[in-house]
Amino acid sequence: MKKLLFLFLFVPLIIWSQTNFEKGEKLFQLKKYDEAQVIFEGILKTKPSDIKTLEYLGEIEAHNKAWENAAVYFRKLKELKPTVADYFYKYGGCLAMRAIEVNRFKALGMVGEMKESFEKAIALDPKHIPARWALIEIYLQLPGIFGGSESKAISYSNQLAQLSPVDGYLSRGRIDVYFKRYTAAEKNFIKAHEIGKSKNTFQKLYNLYLNKLNDPKKARELKQKFEP
């Protein structure tokens with residue numbers, strides 16, 4: 001009797017939940033984020049610790065640039081799955097984006113948690129490239145009195161070089177651009193583009209020629225070679 005009761009009461013609920021999740025997933029893939037969000041929020045009421053639902057909601061909030069809301073979901077995810085590097089990275093990323101929106105004093109108060117999140121992502125996944133990029137930006141953007149450090153940024157750039165030569169040269173070029181060493185940046189971006197030959201490496205070098213070195217001739221020549 002108890003088994004029959006379970007079948008009648010709970011199995012339809014489980015099937016409904018799975019069907020609804022699949023519907024939300026399809027809407028998300030179609031970039032119908034508002035509709036997907038309504039469905040996922042409904043699922044969360046009955047399954048408050050469902051990992052994939054939380055992740056989709058976090059991604060939707062991030063897409064909508066609702067960084068505080070997104071951070072809530074990724075905070076819960078890193079608590080539920082403390083060995084997943086990406087949840088720490090995404091949580092730190094939400095904090096970083098929120099810091100851009102608030103006043104300087106409040107933003108500085110968020111830096112410690114940002115760094116901890118990115119460092120944790122690297123500890124969990126020693127090959128985590130985006131977390132190192134995030135730390136480079138933090139150490140570049142922070143005033144020296146609050147922990148900004150070119151040497152620390154270079155240290156993470158060197159780590160990137162070990163994992164990915166392209167990212168190594170791009171990150172060193174990024175550091176050079178920040179400090180307005182445009183000739184040095186050009187050399188690093190050229191090396192990155194020679195190895196990567198990607199849209200990203202092209203764009204970094206092209207923008208440098210056009211916006212920093214004020215050399216439209218080199219920009220045109222680069223574009224002609226990259227887009228024959």
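Rules of the game
- Residues numbered from 1 in each chain as written.
- Predicted model: local features only at pLDDT ≥ 70, side-chain atom pairs only at ≥ 80, totals over all residues.
- Heavy atoms only, no water.
- Helix = DSSP H or I, 4+ residues; strand = E, 2+ residues; numbered from the N terminus.
- Rg over C-alpha atoms; globule rule 2.2 N^0.38 Å.
- Contact = heavy atoms within 4.5 Å.
- Lys, Arg positive; Asp, Glu negative; His and termini not counted.
- Charge placed at Lys NZ, Arg CZ, Asp CG, Glu CD.
- Buried < 20%, exposed > 50% of the residue type's maximum accessible area, 1.4 Å probe, protein only.
- Phe/Tyr/Trp six-rings, centres within 6.5 Å; stacked < 30°, edge-to-face > 60°.
- Salt bridge = Lys/Arg side-chain N within 4 Å of Asp/Glu carboxyl O.
- Expected span 1.5 Å × (residues − 1).
- Core = buried A, V, L, I, M, F, W, Y, C linked by side-chain atoms within 4.5 Å.

A. Region of the structure containing the overall build of the chain. Along the chain, the regular secondary structure elements total 13 helices and zero strands. Shown N-terminal to C-terminal, the secondary structure of the chain runs as helices and strands in the order α-α-α-α-α-α-α-α-α-α-α-α-α. Over its C-alpha trace the chain gives a radius of gyration of 22 Å, far above what one expects of a compact globule, namely 17 Å for 228 residues. Expressed as lengths along the three principal axes of its C-alpha atoms, the size of the chain is roughly 80 × 50 × 35 Å. In the chain, the share of contacts with a sequence separation of at least 24, taken over all contacts with a separation of at least 6, comes to 45%. Counting 38 positive and 26 negative side-chain charges, the chain places the centres of these two groups 2 Å from one another.

B. Layout of the side chain of glutamate 55. Within the secondary structure layout, glutamate 55 lies in helix 4 (residues 51-63). On the basis of relative accessibility, which here comes to 16%, the residue glutamate 55 falls in the buried class. Glutamate 55 has contacts with Phe74, Leu77, Tyr87 and Lys90, leaving out every residue within four places of it along the chain.

C. Structural context of the packing of aromatic side chains. The tally for this structure, following the rule as stated, stands at ten aromatic pairs. Taking the centre distance of 4.9 Å and the plane angle of 5 degrees together, the rings of phenylalanine 40 and tyrosine 56 count as stacked. Here phenylalanine 40 is found in helix 3 (residues 33-46), whereas its partner tyrosine 56 is found in helix 4, with 16 residues between them in sequence. Classification of phenylalanine 40 by relative accessible area gives buried; the value is 0%.

D. Fine view of the pattern of salt bridges. Under the defined criterion, the tally for this structure stands at eleven salt bridges. Two residues, lysine 47 and aspartate 50, come together in a salt bridge whose shortest N-O distance is 3.8 Å. On the basis of relative accessibility, which here comes to 36%, the residue lysine 47 falls in the partly exposed class. Among the ionic pairs, glutamate 221 bridges to lysine 217, the shortest N-O distance being 2.7 Å. Residue glutamate 221 and its partner lysine 217 are both found in helix 13 (residues 216-226); the two are separated by four residues, about one turn of the helix. A residue is classified by how much of its surface remains accessible, and glutamate 221, at 34% relative accessible area, is partly exposed. A single network of salt bridges, built from pairs that share partners, joins Lys52, Glu55, Glu59 and Lys90.

E. The arrangement of helix 6 (residues 85-101) in detail. Between its first and last C-alpha, helix 6 extends 25 Å over 17 residues, near the 24 Å set by a 1.5 Å rise per residue. By the burial criterion, the buried members of helix 6 are Ala85, Tyr87, Phe88, Tyr91, Gly92, Cys94, Leu95 and Ala99. Those residues of helix 6 hidden inside the fold are in contact with helix 4, helix 5 (67-80) and helix 7 (104-124).

F. Focus on the nonpolar core. With 48 residues, the main nonpolar core has Phe28, Phe40, Met114, Phe118, Leu135, Ile136 and Ile138 as its most contacted residues. Residue assignment for this core shows that the elements contributing at least two residues are helix 2 (11-29), helix 3, helix 4, helix 5, helix 6, helix 7, helix 8 (129-141) and helix 9 (150-163). Look past the residues within four positions of methionine 114 in its chain and what remains in contact with it is Gly92, Leu95, Ala96, Ala99, Ala107 and Ile138. Val166, Val177, Tyr182 and Phe189 belong to the second largest nonpolar core, which has 14 residues in total.

G. Region of the structure containing helix 10 (residues 165-178). Compared with an ideal rise of 1.5 Å per residue, which puts 14 residues at 20 Å, helix 10 spans 20 Å between its outermost C-alpha atoms and is within 8% of the ideal. The complete set of buried residues in helix 10 reads Val166, Asp167, Gly168, Leu170, Ser171, Gly173, Ile175, Asp176 and Val177. Those residues of helix 10 hidden inside the fold are in contact with helix 8, helix 9, helix 11 (182-196) and helix 12 (199-212).

H. A look at unusual backbone geometry. Phi is positive for lysine 31, which is not a glycine, with a value near 65 degrees. One can find lysine 31 in the loop between helix 2 and helix 3. Judged by its relative accessible area of 62%, lysine 31 falls in the exposed class.

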